[in-house]
Amino acid sequence: MPCEIVGLHFYADSSELRPVDTVFDTQFAVDYAIAHEEAGFDRVLIGQTATWPDGFAIASHIAAVTSKLKFMVAHRPGFIAPTMAARMFATLDQLSGGRAGVHIITGASDKELECDGDFTSKEERYHRSREYIDVLRMIWESHSPADFKGDWYRFNQAFSKIKPVQAVLPVFWGGASDLAVKLGAECADVYAIGPGTLEQTHALITKFKTRAAEFGRNPGISMSVRIIVGDTTEEAWNKAENVLERVTQIQRDGTKIGRDKGKDDLAASHLMALASQGECLDTCLWTGVAKATEGRLQAMALVGTAEEVSDALLEYYRSGVDRFLINGFDTIQDVRLFGRDLIPMIKQKVSAEDAR
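Not measured: the values here are computed from a predicted model.

### Notes on the overall build of the chain
1) Next: Helix and strand counts for the chain stand at 12 helices and 13 strands.
2) Next: The principal-axis extents of the C-alpha atoms in the chain amount to approximately 65 × 45 × 45 Å.
3) Next: Split into buried and exposed, the 356 residues of the chain put 51% on the buried side.
4) Next: When contacts within the chain are restricted to residue pairs at least 6 apart in sequence, long-range pairs at least 24 apart make up 72% of them.
5) Next: Surface accessibility of the chain: about 15900 Å² in total, with carbon and sulfur atoms responsible for 51%.
6) Next: Of the side-chain charges in the chain, 39 are positive and 50 negative, and the distance between the mean point of each set is 5 Å.

### Some thoughts on helix H12 (residues 331-355)
1) Next: In this model, H12 (25 residues) spans 33 Å end to end at C-alpha, consistent with the 36 Å of a helix rising 1.5 Å per residue.
2) Next: Roughly 55° is the biggest bend found in H12, and it falls at glycine 339.
3) Next: Turning to H12, its buried residues number three or more, namely Thr331, Ile332, Asp334, Val335, Leu337, Phe338, Gly339, Leu342, Ile343, Ile346, Lys349 and Val350.
4) Next: If you follow the buried residues of H12, they end up packed against strand S1 (4-9), helix H1 (26-39), strand S9 (220-229), helix H8 (233-252), helix H11 (306-318) and strand S13 (323-327).

### Thoughts on the environment of alanine 212
1) Next: Counting through the fold element by element, alanine 212 comes out in helix H7 (residues 198-213).
2) Next: Along the backbone, alanine 212 and glutamate 186 are 26 residues apart, and their C-alpha atoms lie at a distance of 6.1 Å.
3) Next: Discounting chain neighbours no more than four positions away, the residues touching alanine 212 are Ala185, Arg217 and Pro219.

### Here we look at the packing of aromatic side chains
1) Next: Taken as a whole and assessed by the stated rule, the structure comprises eight aromatic pairs.
2) Next: Judged by centre distance (6.1 Å) and plane angle (10°), the rings of tyrosine 153 and phenylalanine 155 are stacked. Per residue, the accessibility class of tyrosine 153 equals that of phenylalanine 155, and both read buried.
3) Next: Aromatic side chains tyrosine 191 and phenylalanine 208 sit 4.1 Å apart centroid to centroid with 10° between the ring planes, which places their arrangement in the stacked category. Of this pair, tyrosine 191 sits in strand S8 (residues 190-193) while phenylalanine 208 sits in helix H7, placing them 17 residues apart in sequence.
4) Next: One aromatic cluster in this structure is built from Phe10, Phe28 and Tyr32.
5) Next: When the ring centre of tryptophan 152 is taken as origin, the NZ or CZ atom of arginine 128, which lies over that ring, is 5.9 Å away.
6) Next: Over the face of the ring belonging to phenylalanine 329 we find arginine 226, whose NZ or CZ atom lies 4.5 Å from the ring centre.

Definitions and limits used
- Residues numbered from 1 in each chain as written.
- Predicted model: local features only at pLDDT ≥ 70, side-chain atom pairs only at ≥ 80, totals over all residues.
- Heavy atoms only, no water.
- Helix = DSSP H or I, 4+ residues; strand = E, 2+ residues; numbered from the N terminus.
- Buried < 20%, exposed > 50% of the residue type's maximum accessible area, 1.4 Å probe, protein only.
- Contact = heavy atoms within 4.5 Å.
- Areas by Shrake-Rupley, 256 points an atom, 1.4 Å probe, with all protein chains shown as cover.
- Lys, Arg positive; Asp, Glu negative; His and termini not counted.
- Charge placed at Lys NZ, Arg CZ, Asp CG, Glu CD.
- Expected span 1.5 Å × (residues − 1).
- Bend = angle between axes of the 7 residues up to and from the residue.
- Phe/Tyr/Trp six-rings, centres within 6.5 Å; stacked < 30°, edge-to-face > 60°.
- Lys NZ or Arg CZ within 6 Å of the ring centre and 35° of its normal.

Have a look at this one:
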């Protein structure tokens, strides 16, 4: 299967460099989706937090203005019964002509989950998420009503008359803890990881794939990373310095950028450990913003020309990454910039690699 390029869908034209008070801009949501499709992105992640707009409604809306762009809708188990969620996702898949996917978000922050009334521990949430996926697939695949009894959910004669266009929607799963790796290896179609050095990324993929192989499975791997590109190497690094200067100034003015860190936030700890190794790792992996925000902002970035960045991504592909979730710091402008040179280069180099 060709390498998939994934974008991150926003609800308004706001970024770390240009924070705005607008929570939701209908026209921007449409324009942003169209820009991703025109730039050659294969899919977009529609995120979820305890305060953001509803991702299902957004996915349905932008599905109507695009024809090829797929969706990965972030979804938190625990608030909607999995039988109902299965029907919602099947409906979205029908409305979009088979373009839906679900990213199971277990939730890193106890504090944030409590905003929606979830007081379970992180370990409990992971086990619940694992069972949730079993119910989703049961509903999507069953041809007659079925019973289910697990540790978290129990249903009698559960069924959905509407089925996905796809036989079963792709299920994305993230998490860096040992439990997240273990359970994700059992159930995920795609395991989502954050940025790291080539050596660290290869080690994590090997660990996950080895565990998945014990269950006779071979899930895909998606890696998220920020991108800063310029027409020259010097221009790209000047952009990076400008990003760091702007982030530093915003924080100096009293705005804390990024999410709150929990006491067991492995992602933030991972970023800070990387940042301690130096400002630029491997060939062009930049740690500047991650360090400046103490890991609150997951903004490790590949910096360089489109040629240099696509070469770096190709090395990750050789290590086992088959999906790249990329975004910049300038929303729609960066999406269009990536579509001009970077995305065609990535796909061309991956295709040539596969041909070998």
